[in-house]
Amino acid sequence: MIKKLLSMILMCMCLCLAVPACSDDGDAILQKVDRNLNPEAFEMYRKLINLEPDGSKKEFIMYSIKKGRDRIASVFISPASEKGRATLRLGENIWLYIPNVGKPIRITSLQSVTGGIFNNADIMRLDYSAEYNCEKMEQQEGLLMLHLKAKTGSVAYDSLKMWVDDKKLLPDKIECFASSGMLIKTLYFKKITDFGNGLVRPAVVETDSPLHKGYKSIMVFVRMKKRDLPDEAFTLNFLSRVENLR
Amino acid sequence: MSKALFVLSVYVAGLVFIFLQHAFGQGEYKFDLAEIEKEIKKKPYHIGGFLEFRPVLFSLDQESAFHKLRFFDQDEGTTLEQYNFGLRLEGSYQKGIASLYFRTDSRLWYDYQGRDGDIDLQEGYLSLKPGPIFTLETGKKVVQWGKGYAFNPVAFVSRPKDPDDPAEALEGYYVVMADLIKSFGGPLKTLAFTPAILPATESINDDFGTLNHINFAAKLYFLLWDTDLDILFFTGESRTTRYGFDFAGNIKTNFEIHGELAWITDFDKKSIDSEGNLSTEESDILRCLLGIRYLTANEITFTVEYYHNGGGIDKDDAENLFRFVDHAYDTFLDTGDSVQLDKAARLSRSTLAALKPMRDYLYFRAGWKEPFDILYFTPAVTSIINLTDRSLSITPELVYSPETNLELRLRGTFLTGDKNTEYGEKQNDYKVELRIRYYFN
C-alpha cells in the first residue's frame, strides 16, 4: 500500500516536472525584470540611431519621464527638424504634440515617431507586466525563456518570447510576434551598465526585423535615474512643457 | 595630361571611398557616451529654425471668375511662376520659473509682379511656470483649441487653419492666459482649466473683430476614462458669444474618432443676390465636425473629416456671385469700365475668398509611411470636396528627408468643378510646388 502511494506521489512529481513552470512564477519574474530595467518613476535620455543597408544613418536624442506602469512622456532634443516634438502615453492612449501646430493629436502604438524599426510601442514602452501575462516559462541555453501573451488585443505585439538572464533577471533578447505568429522584430539587450543608485541594466537595445532586411535601429540609454514626478507632468496640457523638467 | 590624370585619380578615389564607406559601414555603428553627454547638456537659451526655398508653378484657368477678377486688365499667359525664400527663426530663454519664446517668419518672393518681402512676429510671449499645475502666459501666442485635423470650429481665439496645409504653424493673437491642471486616480484622470483674455485694439489684434474691446474665452478639459472632452466658451464685444464642445477617443488603437461642435450666437449670415448686392441676416448658427483617423497594418493612415459651416455661403449665393463676376467682366470688355468688377472683387473678398467659405466639406487624406522600405519617405494624397456644389481639389504629395534636418516636399494641387462652383471658379487649374527646408539650431 505504502509502495503504491509512494509510486503515485513519484509519478505526480514527474508529471509536475515535465510541465513548464506555472505562469504565476513567470509573472513574478516579469515584474522583477520590469523593476530591474527601470525604477517606478524616473527620467532618462536616449539616443536613437537608425541604420540603413547602404550604411547611412539618422540619429535622434530624446528626454523621457516615466511614472508607474503605464505613464510615459518624451520630447525630442535633436535633430533640429524634430526638436520640441513630444509624445505622451497613458496606457493604450498615445498623443503627439508638434510645436507651433498646437494641440496634441492621437496616434497609435504601431506608428513610429522616428521612422525606422522602433515604433511608438518600443520608444514609449510601458512595463512588460502591464501589457503581457506570462503563459509559460522554460529553461533554454542557460537562460529563462518567458512566453508572454498580450493582455488585450490593443497591445502592439500579440506575443513575445523573452530570454532572461536567470541571475541578473535582465532580458537578453526579445522576439516580437503578430497574432498570425509572424516574427515582427527582435530586440537585443547589450552593454550592461551601472547607472548608479543600484540601477544596473543594459545601456543598448538593438533591433532588427525580417520585414526590413538590412535595416537596424539602436537605442542608447544615458543618465537614467530615479526621480519623483508630479502626476500633472503626464497630462495633455503639460505636453508642450515636458522639456522644462530637464 | 598630368592634370587630367589627377582629376581622374581624385574621381576614382572618391568613388572607392564612397564604395568602401558603404561596404564597411553596413550594419556597423559607433557611439561615444561622452559625446552624447555633451549633446544632452541643457542650455538656458535656444535658437533654431529653418531655411526654405519654395518655387511654385501655377496653371491659370482664364475662364474662371477669380482669374477675371485678378487679371481682367492684364494678360499674364496661361502659367505663372513664383519663387519663395523663407527664414524661420525661433528662440527661447529660460531662467527659473520664467521663460521667453519667440518665432519670426521672414519671406522674400519673386513673381510676375516683381520682388517683395515681409517679416512677421508669429509668436512672442512670456511664460511663468511656478509649478506643474499652474502656468501663466502673456504675449502673442497661438491658442489652438479643438480636435479636428483640417478644421477647428471651436478654435475661438485662433486664426483659421488652411485645410490645404493644416500642419503649418499659424500666427498667434496677443493674449493673457492661464492653465491649471489637476490629475486624479479615478475615471476622471485629468481636469484642466484654461482661461484667456484677448484685447482687440488698433495696435494689437486689430483683425480679430470690433476694436477697443476686451474679450474672454475659456476651455475646460477632461480626460474621462480614455476620452478627451473639452467645453469651450467665448464672450466679448469684438465677436459674438459662442459655445463649444469637442471630443476625441480611440475605438481601437489604430482607429481614432473626434468631433467638434460650436454654437455661435447672433452671427451675420451673408447672402448675395443676382445683382451682386450683399445682405446680412443675424441668426444663431452651428458649425460642427466629425472625423476619424485609421491606420492600416501596412502603415497607411486615413484621415477623413466632415465639416459643416452653418454660417457659410450657400450654393445659390455663390452662383449669384460668379454670374455677377461674368457680367461685370463682359461689361468691362464692352465698355472698359471696371466699376462693377471692383464691386465684385470687394464682394468676393468678404464672402468666397475666405478659407472654405461654403456650407459642407469633406476632407480626405491618405498617407503611406515609408513604403517599400524607403525610410523617411511618405507619399500622400489629400482631397477636399465641397459637398454643396460637388467641386473638389486633389493634392498628391511626396515628402522625403534624405539627410538629417533636410526635408523635401513635392506636391501638386488639381482643382476640378463645373461652372459656378467653388473649385471650378478658382484662379488656377492646378499648381505644382517644391518645398525644400533645411532645419538648424
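Residues numbered from 1 in each chain as written. Chains lettered and ligands numbered in written order. Predicted model: local features only at pLDDT ≥ 70, side-chain atom pairs only at ≥ 80, totals over all residues. Heavy atoms only, no water.

Concerning the overall build of chain A
Here is step 1 of the chain: Secondary structure summary: chain A contains four helices and 13 strands in total.
Here is step 2 of the chain: Here chain A holds 246 residues, and the buried ones make up 59% of them.
Here is step 3 of the chain: Counting only contacts in chain A whose residues sit at least 6 apart along the sequence, the fraction spanning at least 24 positions is 46%.
Here is step 4 of the chain: Just so you have it, chain A exposes about 10100 Å², and 56% of that area is on carbon and sulfur atoms. (Helix = DSSP H or I, 4+ residues; strand = E, 2+ residues; numbered from the N terminus. Buried < 20%, exposed > 50% of the residue type's maximum accessible area, 1.4 Å probe, protein only. Contact = heavy atoms within 4.5 Å. Areas by Shrake-Rupley, 256 points an atom, 1.4 Å probe, with all protein chains shown as cover.)

Digging into the overall build of chain B
Here is step 1 of the chain: Helix and strand content of chain B: five helices and 18 strands.
Here is step 2 of the chain: Along the three orthogonal principal directions, the C-alpha set of chain B runs to about 80 × 70 × 45 Å.
Here is step 3 of the chain: Looking at chain B residue by residue over its 441 residues, the buried ones come to 45%.
Here is step 4 of the chain: A separation threshold of at least 6 residues defines the contact pool for chain B, and within that pool the share at least 24 residues apart is 53%.
Here is step 5 of the chain: Surface summary for chain B: the accessible area is close to 22200 Å², and the carbon and sulfur share equals 60%.
Here is step 6 of the chain: Taken as two groups, the 47 positive and 66 negative side-chain charges of chain B have centres that lie 6 Å from each other. (Lys, Arg positive; Asp, Glu negative; His and termini not counted. Charge placed at Lys NZ, Arg CZ, Asp CG, Glu CD.)

Focus on the interface of chain A and chain B
Here is step 1 of the chain: Chain A puts 60 residues into the contact, and the matching count from chain B is 72 residues.
Here is step 2 of the chain: Between chain A and chain B, a total of about 5500 Å² is buried, with carbon and sulfur atoms accounting for 54% of that surface.
Here is step 3 of the chain: In terms of surface lost to chain B, no three residues of chain A exceed N100, K103 and R106 of chain A, which account for 14% of the buried area on that side.
Here is step 4 of the chain: For the interface between chain A and chain B, the tally reads four salt bridges. (Buried area = accessible area lost by both parts, 1.4 Å probe. Salt bridge = Lys/Arg side-chain N within 4 Å of Asp/Glu carboxyl O.)

Some remarks on the confidence of the model for chain A
Here is step 1 of the chain: Here chain A averages 85 in pLDDT, while 89% of its residues score no lower than 70.
Here is step 2 of the chain: Predicted confidence for residues 10-20 of chain A stays below pLDDT 50, and this span has two contacts to residues more than four positions away or in other chains. (pLDDT = per-residue confidence, 0-100.)

Structural notes on the nonpolar core
Here is step 1 of the chain: Counting residues in each nonpolar core, the largest one holds 51 residues, and the members touching the most others are Y128, L146 and M162 of chain A.
Here is step 2 of the chain: M162 of chain A has contacts with L30, V33, Y128, L144, M145, L146, L148, P171, K173 and I174 of chain A, leaving out every residue within four places of it along the chain.
Here is step 3 of the chain: Among the nonpolar cores identified, the runner-up in size contains 32 residues, and W95, A233 and L236 of chain A together with A192 of chain B belong to it. (Core = buried A, V, L, I, M, F, W, Y, C linked by side-chain atoms within 4.5 Å.)

Regarding empty space enclosed by the protein
All names here are of chain A.
Here is step 1 of the chain: Under the criterion given, the structure shown has five cavities of 30 Å³ or more.
Here is step 2 of the chain: Empty space within the largest cavity amounts to approximately 190 Å³.
Here is step 3 of the chain: In terms of lining residues, the largest cavity is bounded by 19 residues, among which R46, D122, R125, M219 and F221 are the most central.
Here is step 4 of the chain: Listing elements by their share of the lining of the largest cavity, those giving two or more residues are β1 (41-51), α3 (120-123), β11 (183-196), β12 (199-208) and β13 (216-226).
Here is step 5 of the chain: Grouping the amino acids of the lining of the largest cavity by side-chain chemistry returns 13 nonpolar, one polar and five charged.
Here is step 6 of the chain: In this structure, the second largest cavity occupies an estimated 120 Å³ of space.
Here is step 7 of the chain: Considering the residues around the second largest cavity, the lining is formed by 15 residues, among which A121, R125, Y128, Y132 and Y157 are closest to the centre.
Here is step 8 of the chain: Looking at the lining of the second largest cavity, the elements with two or more residues in it are α3, α4 (128-131) and β10 (170-177).
Here is step 9 of the chain: Of the residues in the lining of the second largest cavity, the class split is 11 nonpolar, no polar and four charged. (1 Å grid on protein atoms, 1.4 Å probe; cavity = no way out; pocket = protein on both sides within 12 Å on 5 of 7 lines; lining within 4 Å. Points joined across faces, edges and corners; volume = space filled by probe spheres on them. Nonpolar A, V, L, I, M, F, W, Y, C, P; charged D, E, K, R; others polar.)

Things to note about the packing of aromatic side chains
Each aromatic ring pair is summarised here by two numbers: the centre-to-centre distance and the angle between the ring planes.
All names here are of chain B.
Here is step 1 of the chain: Under the defined criterion, the tally for this structure stands at 19 aromatic pairs over all chains.
Here is step 2 of the chain: Sitting above the plane of the Y173 ring, R159 keeps its charged end 4.1 Å from the centroid.
Here is step 3 of the chain: For R239, the ring lying beneath its charged end belongs to F208, and the centroid distance is 3.8 Å. (Phe/Tyr/Trp six-rings, centres within 6.5 Å; stacked < 30°, edge-to-face > 60°. Lys NZ or Arg CZ within 6 Å of the ring centre and 35° of its normal.)

Some details on the pairing of strand β4 (residues 114-131) of chain B
The side chains of a regular strand alternate between both faces of the sheet.
All names here are of chain B.
Here is step 1 of the chain: Sheet topology places strand β3 (residues 98-111) next to β4; 14 bridges connect them, and they run antiparallel. Within the sheet, the bridge partner assigned to L108 lies in β4 and is G117.
Here is step 2 of the chain: Remark: two residues form the turn of the hairpin made by β3 and β4, two consecutive strands paired antiparallel.
Here is step 3 of the chain: Looking at chain direction, β4 and strand β5 (residues 134-141) are connected through six bridges and run antiparallel. Across the sheet, L128 pairs through a bridge with L136, a residue of β5. (Pairing = 2+ DSSP bridges.)

Some thoughts on the environment of L261 of chain B
Here is step 1 of the chain: Tracing the backbone shows L261 of chain B in strand β11 (residues 255-272).
Here is step 2 of the chain: When the C-alpha positions of L261 of chain B and I231 of chain B are compared, they lie 9.7 Å apart, and in sequence the two are 30 residues distant.

What about the pattern of salt bridges?
Residue and element names in this part refer to chain B.
Here is step 1 of the chain: Tallying each qualifying case throughout the model produces 54 salt bridges over all chains.
Here is step 2 of the chain: Between R103 and E123 there is a salt bridge whose closest N-O contact spans 3.1 Å. Taken together, the residues R103 in strand β3 and E123 in strand β4 connect sequence positions 20 residues apart. Like R103, the residue E123 is buried in the burial classification.
Here is step 3 of the chain: Across the salt bridge formed by K419 and D326, the nearest N and O atoms sit 3.0 Å from each other. Separated by 93 residues along the polypeptide, K419 in the loop between β17 (406-416) and β18 (428-440) and D326 in helix α4 (residues 315-335) bring together distant segments of the chain.
Here is step 4 of the chain: Judged by relative accessible area, D326 falls into the buried class, the value being 14%.

Some details on the state of the cysteines
Here is step 1 of the chain: On inspection of all chains with the given rule, the structure shows zero disulfides over all chains.
Here is step 2 of the chain: With no disulfide of its own, C176 of chain A lies closest to C134 of chain A among cysteine sulfurs, the gap being 15 Å. (Disulfide = S-S within 2.5 Å.)

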